[in-house]
Amino acid sequence: MKTTWTCRSSKENHETPQKAVIVTDYGHPMSFGLSLDPDADRLPQTRQLARAAADGGLDILAVQDHAYQPGHLDAWTLITHLATQTGRISFLTDVADLQLRPPAMLANAAASLGVLAEGRIILGVGGGAFADAIAGMGGGRRTGREMVAYTEQALHIMRAALTGGAVRLHSDQHAIEGYTAGPVPASPIPLWLGSQGPRMLAVTGRSSDGWISPLNIYVPPDEVPAKQKIIDDAARSAGRDPAAIRRIYNVIGVIGDVRRGRGLVGDVRLWTETLTVWATELGFDTFIFWPMTAPLSQLAVFAAEVVPAVREQVGQIRGRR
């Protein structure tokens, strides 16, 4: 559904000046998640947050993947551990580094965990933004068009592998000689792509199940419509329905009566109104919350007050349309 978006000016909240643009509400069910810190020193707190998010009714726990950070636990190992500590809630790699995790093996890891965790896995991937750090661990030093080509071909490898059967690809970026993929989880594993530049956004439209936008401080809302258009145009050119692609926003900020902070900062009403606008007028259907401070108490407010209010308001707006 097309609509016109005009957002209030606010430097601290990274909202756009008065500016009308045509954007889309793609109509997907709303989902809400929490980003977990993979710092090894914070593991007890991370366990507590994971259980609280599951008990609070959130849908997703997201774990970033920066294996070259010496203090970070491996994303897959942490997710596997936390999957045994929780029930119902899904896990998202936000995002797995394709240049450190060969796509055939990454798909096998995701499929295996999909079986073990009974379908609670979403595979978020990215091309790998930190070339020096990746090369330092033995990964390829790909940038620009080469990284984009590598990523799109990797998506095709993973999609084939996640559905089982024969997988083979010879290209300038990959040499998959041929193998029989499996296991195949009972529930399909969504394949979402983190992207920001025009070429990778086009890959998102052509070849992924969802767009994972970087944090709102890196991709502020006024930049979103142009990026959504690139995704939509690429999807249509590939014969796909743009509405089939999920739209995920990583949102950093503070909920409360505070004056300063990075990202979205304000009380429950501001958070509710802003996320509702971002859902119904910018097209996002999933919000991953990155608390700037006091994550346990911030999670409690987010889950108990913000999430149900956003669900209600989005439902009312869609119902009127």
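Residues numbered from 1 in each chain as written. Predicted model: local features only at pLDDT ≥ 70, side-chain atom pairs only at ≥ 80, totals over all residues. Heavy atoms only, no water.

Regarding the overall build of the protein
Let me state the cut-off plainly: Put simply, DSSP marks the helices as runs of H or I at least four residues long and the strands as runs of E at least two long, and each gets a number from the N terminus on. Note on classification: 1.4 Å probe, protein chains only; a residue is buried when its accessible area is under 20% of the maximum for its type, exposed when over 50%, partly exposed between these limits. Only heavy atoms enter the contact rule, under which two residues are in contact if any of them lie within 4.5 Å. Per-residue accessibility takes into account occlusion by the displayed protein chains alone, with areas from the Shrake-Rupley method and a 1.4 Å probe. His is not counted, nor are the chain ends, whereas Lys and Arg count as positive and Asp and Glu as negative. Lys charges are placed at NZ, Arg charges at CZ, Asp charges at CG and Glu charges at CD.
Along the backbone of the protein there are nine helices and 14 strands. When its C-alpha atoms are laid out on the principal axes, the protein stretches across 55 × 45 × 40 Å. In the protein, buried positions account for 53% of the 321 residues. Considering only residue pairs separated by 6 or more positions, the protein has 72% of its internal contacts joining residues 24 or more positions apart. By element, 53% of the accessible surface of the protein is carried by carbon and sulfur atoms, the whole surface being about 13,900 Å². Considering the protein, the positive charge centre built from 31 side chains and the negative charge centre built from 31 side chains are found 3 Å apart.

Side note on the UniProt feature "domain: Luciferase-like" (unreviewed entry) in the protein
So the rule is basically this: UniProt positions are given in the numbering used here, feature names are shortened, and annotations may be inferred rather than shown by experiment.
UniProt records the feature "domain: Luciferase-like" (unreviewed entry) for residues 38–256 in the present numbering. Its end C-alpha atoms 25 Å apart, residues 38–256 is made of 39% helix and 21% strand.

Looking at the nonpolar core
What counts, and what does not: We call a set of buried residues a nonpolar core when its members are Ala, Val, Leu, Ile, Met, Phe, Trp, Tyr or Cys and they connect through side-chain atoms within 4.5 Å of each other.
In this structure, L58, L123, M158, F287 and F302 are the most contacted members of the largest nonpolar core, which totals 76 residues. Looking at this core, the element that brings in the most residues is helix α5 (residues 144–162), giving nine residues. With residues up to four places along the chain from it excluded, the contact list for F287 reads M30, S31, F32, G33, Y249, V251, L275, W278 and A279.

Examining the packing of helix α6 (residues 198–207) against helix α7 (residues 224–237)
Inclusion rule: Axis definition: a line fitted to C-alpha atoms, limited for helices to the stretch in contact. Angles are taken between N-to-C directions and run from 0 to 180 degrees. Note that the term roughly parallel is reserved for angles under 35 degrees, roughly antiparallel for angles over 145, roughly perpendicular for angles of 65 to 115, and oblique for everything else. Crossing handedness: left-handed means the near helix sits turned counterclockwise from the far one by under a right angle, and right-handed means the same turn made clockwise. Three categories are distinguished: nonpolar for Ala, Val, Leu, Ile, Met, Phe, Trp, Tyr, Cys and Pro, charged for Asp, Glu, Lys and Arg, and polar for the others, with Gly belonging to the last.
It is the contact of α6 with α7, at a shortest axis distance of 7 Å, that shows an interaxial angle of 50°. The orientation of α6 relative to α7 falls into the category oblique. In this structure, α6 meets α7 at a crossing whose hand is right-handed. Side by side, α6 and α7 meet where P198, L201, A202, T204, G205 and R206 of the first sit next to K227, I230, I231, A234 and A235 of the second. A per-class count over the contact of α6 with α7 returns seven nonpolar, two polar and two charged.

What about the side chain of S208?
To keep it simple, the criterion reads: In protein, a polar contact means a hydrogen-donor-capable atom and an acceptor-capable atom, both N or O and within 3.5 Å, with residues adjacent in sequence counting only if both atoms are side-chain atoms; elsewhere, any N or O pair within 3.5 Å suffices.
Within the secondary structure, S208 is located in the loop between α6 and β11 (210–213). Within the local environment of S208, its side chain forms a polar contact with the backbone oxygen of T204, the two atoms lying 2.9 Å apart. Within the structure, the side chain of S208 is placed 3.1 Å from the backbone oxygen of G210, a separation counted as a polar contact. When sequence neighbours within four positions are dropped, the list of residues in contact with S208 reads R159, L191, L193, V203, R240 and I245.

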